[in-house]
Each structure stands twice: as C-alpha cells, then as structure tokens.
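Structural features, examined
Letter by letter, the chains look like this.
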Amino acid sequence: MNQTTIDQLLTVLPRNKTIESAVSGLFFYCADKPSKAVSYIQEPSICIVLQGEREIYLGADCQRFDNSNLMLCPVNIPLSMHIKHASIKKPYHCFINEIRFSYD
C-alpha cells in the first residue's frame, strides 16, 4: 500500500482504538504512541502493518512486524504483543482480517 493511501486512511480512523469495518472480521487499529506488552490469545488471522512496528512474543521468541512483512496466524495461540514504533506524526496502523473456518 502506498503512502498516499495510508495517509488517507489515517485521516478517517480514530486513534488508539480498534474498530471493526463493515466487512465482517476486518478490523483496523491505529495508535499514536508505543505500548506496553499485552498478553492475549491470537485467533486465526492475517495482520498487515501499514506503518510503525510491533513485536510479538511467543515464549522467549520475538518477531518484529512492520510494513515489509505480515503475520499469519493459522491457529489460536497465546502471545504477548507491544507496539514498538508509533508517534503522532507517524502512528502505528494495521489491519487484521480474521480467518474463519467452517466445518459444515
């Protein structure tokens, strides 16, 4: 995604909160400051960081995600995450698309 598109998104998305789009399972998150580590269960999803950087911890293993890579989580997994790089001028911005499996 190019910087112009990211800039346009940033003008309409609220800061420091997660919002769900009209598309079921598609979420946007924007933060204007780094965060402390938060532990949670990551559900199956794809997370794409458009701007900024976050670190994900699985036990002692640390992975960094920024706009040059994405995170694919195919199963529920316990993680810790914190936003490493974010500022008012260059906020952290990502979108998450949940993967929903149907077992019909």
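Notes on the structure in this doc start here. (Residues numbered from 1 in each chain as written. Predicted model: local features only at pLDDT ≥ 70, side-chain atom pairs only at ≥ 80, totals over all residues. Heavy atoms only, no water.)

**Observations concerning the overall build of the protein**
Helix and strand counts for the protein stand at 1 helix and 9 strands. The linear arrangement of helices and strands in the protein, starting from the amino end, is α-β-β-β-β-β-β-β-β-β. Whereas a compact globule of 104 residues would reach a radius of gyration of roughly 13 Å, the protein reaches 14 Å, a difference of no more than 12%. The principal-axis extent of the C-alpha atoms belonging to the protein is close to 40 × 35 × 20 Å. Taken as a whole, the protein presents about 6,600 Å² of accessible surface, with 57% of it coming from carbon and sulfur. The centroid of the 10 positive side-chain charges in the protein is displaced by 10 Å from the centroid of its 10 negative side-chain charges. (Helix = DSSP H or I, 4+ residues; strand = E, 2+ residues; numbered from the N terminus. Rg over C-alpha atoms; globule rule 2.2 N^0.38 Å. Areas by Shrake-Rupley, 256 points an atom, 1.4 Å probe, with all protein chains shown as cover. Lys, Arg positive; Asp, Glu negative; His and termini not counted. Charge placed at Lys NZ, Arg CZ, Asp CG, Glu CD.)

**Points about the pairing of strand E7 (residues 70–73)**
Residues Met71 and Cys73 of E7 are buried on one face, while the alternating residues Leu70 and Leu72, pointing to the opposite face, are not. Taken together, the 4 bridges between strand E4 (residues 45–51) and E7 define a ladder with antiparallel strand orientation. Note on E7: the bridge partner recorded for Ile48 is Leu70. (Buried < 20%, exposed > 50% of the residue type's maximum accessible area, 1.4 Å probe, protein only. Pairing = 2+ DSSP bridges.)

**What to know about the environment of Ala37**
Within the secondary structure layout, Ala37 lies in the loop between strand E2 (26–31) and strand E3 (38–42). Taking C-alpha positions, Ala37 is 19 Å from Ile48, a pair spaced 11 residues apart along the chain. Beyond its immediate stretch of four places on either side in the chain, Ala37 contacts Met81 and His82. (Contact = heavy atoms within 4.5 Å.)

**Observations regarding a nonpolar patch on the surface**
Residues Ile46, Leu70 and Leu72 make up a contiguous nonpolar surface patch of roughly 260 Å² in combined accessible area. Relative to the helices and strands, Ile46 is located in strand E4. (Patch = residues over 30% accessible without salt bridge, like charges linked within 9 Å, V, L, I, M, F, W, Y side chains within 5 Å. Salt bridge = Lys/Arg side-chain N within 4 Å of Asp/Glu carboxyl O.)

**Section: the nonpolar core**
Core analysis: the biggest nonpolar cluster contains 15 residues, and Ile56, Met71, Ile83, Tyr92 and Cys94 have the highest contact counts within it. Those residues in contact with Ile83, other than ones at most four positions away along the chain, are Tyr29, Ala31, Lys33, Pro34, Ser35, Glu53, Arg54 and Tyr92. Counting residues in hydrophobic clusters, the runner-up holds 8 residues, among them Ile6, Leu13, Phe28 and Leu50. (Core = buried A, V, L, I, M, F, W, Y, C linked by side-chain atoms within 4.5 Å.)

**Some points on the pattern of salt bridges**
Applying the stated criterion across every chain yields a total of 4 salt bridges. When the shortest N-O distance is used, the salt bridge between Arg64 and Glu55 registers 2.6 Å. Owing to a relative accessible area of 47%, Arg64 belongs among the partly exposed residues under this scheme. Salt-bridge contacts for Lys84 lead to Glu55; the nearest nitrogen and oxygen are separated by 3.7 Å. With a gap of 29 residues between them, Lys84 in strand E8 (residues 77–85) and Glu55 in strand E5 (residues 53–58) connect regions that are remote in the sequence. The exposure class assigned to Lys84 is partly exposed, which follows from its relative accessible area of 29%. Overall, Glu55 belongs to the buried group, its relative accessible area being 3%. Via salt bridges that share partners, Glu53, Glu55, Arg64 and Lys84 belong to a single interconnected network.

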